[in-house]
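One-letter residues, chain by chain:
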Protein chains: 2
Amino acid sequence: MNTLSYGLLSLLAKKSRSGYELMQHIQPFWQAKHSQIYPLLAQLEGLGHVDFVHVLQSDKPDKKVYTITEQGLDALRHWITLPTDDPVTRDELSLKVYSIGLVNQEQARKVLEEREVYYLKKKERFAHLLENLKQGSAKPLDELDIHDPEFGMYVLIHKASMKVDADLVWCEWMKGKLT
Amino acid sequence: MNTLSYGLLSLLAKKSRSGYELMQHIQPFWQAKHSQIYPLLAQLEGLGHVDFVHVLQSDKPDKKVYTITEQGLDALRHWITLPTDDPVTRDELSLKVYSIGLVNQEQARKVLEEREVYYLKKKERFAHLLENLKQGSAKPLDELDIHDPEFGMYVLIHKASMKVDADLVWCEWMKGKLT
DNA sequence: TACTTCATGTAAAAAGTTACATGATTCC
DNA sequence: GGAATCATGTAACTTTTTACATGAAGTA
């Protein structure tokens, strides 16, 4: 049971999903490829933390829809109370800007603008996620509380949005430093 | 040549250092243990990107002080112009807050406060780094430009500080949501 | 015709963490 | 007396990424 396994249980605690869907929905908050997720789901099933049913589809490939068990929910609740690992960020850009004086200004600017495009796309994706959440929610988002099912996603999007905004401000500030 | 290898070259481009020192100085921007760094330094030496000299010490263990070569500098300059990998962040807290409704308010608050302590310590460490940099710099930090040797570290600390501030704001906001 | 999406899986390689190993000095 | 710092290294393990494998439907 590693962190990603608990992450998958977290998603399944809200809604039953296929491995493919889990991969798509966990991406914004924990980068993981399908090749990592499928074996973990098999393992979670072996442990009794999830069940699955085969769902046959005619237009699309068949799928396995996983559901969390009572035992899985217990494991999840316990994991939350355990000390939380420190976050890990690895950003190649940090290592590059440290040596940015080695290249000329045009090249330095290019490096930053490439990253700015990335952050803008990311910001847009979070805006879409928030929009979807708003549509599906009975209450206005800022009135959600800990017991509402949308609460978790709402606070996560807020967290990610604040950080991407900080990143964009830094990019602009940095570009100013180059002129 | 992976990203960490270029990160080590980046540090060595400013100043010759031992493996132990490299480990300490790269930590705030790229998490890596000594067991990963020592083999990479041997590899960089084999490639001709770095040289080293044995430095004998009487009070402390002897060390190997690495210096970047012209070839290493060329490799570094080229790497900067290459497309930059997307940043990777893995934060167990994100996965936990998604399911925070599963535990009671005291437990939820504990999870957040634990993380807040972590961010405050981190903020302090960056404040120290900035203080050290200020001491060793001829110019005021906000007047540094791309050609000053302190520039890279200055902009990195600024980047990290902005993000940790965003994280702290989120923590407070989040704690408000729990009451 | 070629690419993307949906859907699941395995194999191999790379990257990263933890543990083992040694040993002097300094600080509490 | 015990822990932390300095200093380098290897071995084993876990985690993550990339590549291999298949195949139908829809889109450009």
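Residues numbered from 1 in each chain as written. Chains lettered and ligands numbered in written order. Predicted model: local features only at pLDDT ≥ 70, side-chain atom pairs only at ≥ 80, totals over all residues. Heavy atoms only, no water.

### Observations concerning the interface of chain B and chain A
Alright, step 1. Residue-level contacts link 66 residues of chain B with 66 residues of chain A.
Alright, step 2. Taken together, the two surfaces of chain B and chain A that pack against each other cover about 7200 Å², and 64% of this comes from carbon and sulfur.
Alright, step 3. Of all residues in chain B, the largest losses of buried area upon contact with chain A belong to R90(B), L95(B) and Y98(B), amounting jointly to 12% of the total for that side.
Alright, step 4. The interface formed by chain B and chain A includes four salt bridges.
Alright, step 5. Linking chain B to chain A there are 37 residue pairs in polar contact (both at pLDDT 80 or more).
Alright, step 6. Of all the secondary structure elements, the ones that give two or more residues to the side of chain B that touches chain A are α1 (3-14), α4 (70-81), β4 (88-90), α5 (92-98), α6 (105-136) and α7 (151-178) of chain B.
Alright, step 7. The element contributing the most residues to the side of chain B that touches chain A is α7(B), with 18 residues. (Contact = heavy atoms within 4.5 Å. Buried area = accessible area lost by both parts, 1.4 Å probe. Salt bridge = Lys/Arg side-chain N within 4 Å of Asp/Glu carboxyl O. Polar contact = N/O pair within 3.5 Å; in protein donor to acceptor, adjacent residues only side chain to side chain. Helix = DSSP H or I, 4+ residues; strand = E, 2+ residues; numbered from the N terminus.)

### Considerations on the domain arrangement of chain A
Alright, step 1. With domains assigned, chain A is organised as domain 1 (3-81) and domain 2 (92-178).
Alright, step 2. Distance from the C-alpha centre of domain 1 of chain A to the C-alpha centre of domain 2 of chain A: 27 Å. (Domains from an automatic or database assignment.)

### Quick look at the relation of the copies chain B and chain A
Alright, step 1. Expressed as a screw operation, the relation of chain B to chain A combines 0.0 Å of axial shift with a rotation of 180 degrees, fitting to an RMSD of 0.0 Å. Taken together, these values place the two copies in the relation of a two-fold axis. Ranked by how close their C-alpha atoms come to the rotation axis, the residues of chain B are headed by T89(B), at 2.1 Å.
Alright, step 2. A shared interface surface links the copies, since 100% of the contact residues of chain B are contact residues in chain A too. (Least-squares fit on C-alpha atoms with pLDDT ≥ 70 in both.)

### Remarks on the protein's contact with DNA strand C
Alright, step 1. If you check the shell around DNA strand C, you find 22 residues, and the closest are H34(A), Q57(A), K64(A), S35(B) and Q36(B).
Alright, step 2. The contact atoms of DNA strand C, taken as those within 4 Å of the protein, divide so that sugar and phosphate hold 62%.
Alright, step 3. Within the side chain of Q57(A), one N or O atom sits 2.7 Å away from a phosphate oxygen of DNA strand C.
Alright, step 4. Those elements that place two or more of their residues in the surface near DNA strand C are α2 (19-26), α3 (34-47) and β3 (63-68) of chain A together with α3 (34-47) of chain B.
Alright, step 5. For the surface near DNA strand C, a count of residues per class yields five nonpolar, 10 polar and seven charged. (Near = heavy atom within 4 Å. Nonpolar A, V, L, I, M, F, W, Y, C, P; charged D, E, K, R; others polar.)

### Focus on the UniProt feature "domain: Transcription regulator PadR C-terminal" (unreviewed entry) in chain A
Alright, step 1. According to UniProt, the "domain: Transcription regulator PadR C-terminal" (unreviewed entry) feature falls on residues 89-178 of chain A.
Alright, step 2. Across residues 89-178 of chain A, helical content stands at 74% and strand content at 2%; the span's end C-alpha atoms are separated by 25 Å. (UniProt positions renumbered as here; feature names shortened; annotations may be inferred.)

### Considerations on the pairing of strand β3 (residues 63-68) of chain B
Residue and element names in this part refer to chain B.
Alright, step 1. As paired strands, strand β1 (residues 17-18) and β3 are joined by two bridges and run antiparallel to one another. Counted as the bridge partner of R17 is Y66 from β3.
Alright, step 2. Note that strand β2 (residues 50-55) and β3 share six bridges and pair antiparallel. Paired with H54 across the strands is K64, a residue of β3. (Pairing = 2+ DSSP bridges.)

### A word on the sheet that holds β2(B)
All names here are of chain B.
Alright, step 1. Reading across the sheet, the three strands line up as β1-β3-β2 and stay open at both edges, with antiparallel pairing between neighbours. A single partner strand is all that each edge strand has here, and the edge strands are β1 and β2.
Alright, step 2. Of the strands in this sheet, β1, β2 and β3 touch α1, which is tilted by about 85 degrees from β3. (Axes fitted to C-alpha atoms, helices over the stretch in contact; angles between N-to-C directions.)

### Notes on the protein's contact with DNA strand D
Alright, step 1. Near DNA strand D, the surroundings consist of 22 residues, among which S35(A), Q36(A), H34(B), Q57(B) and K64(B) are the closest.
Alright, step 2. Interatomic distance of 2.8 Å between a backbone N/O atom of Y20(B) and a phosphate oxygen of DNA strand D.
Alright, step 3. The side chain of H34(B) places a nitrogen or oxygen atom 2.8 Å from a base oxygen of DNA strand D.
Alright, step 4. The set of elements that each furnish at least two residues to the surface near DNA strand D consists of α3 of chain A together with α2 (19-26), α3 and β3 of chain B.

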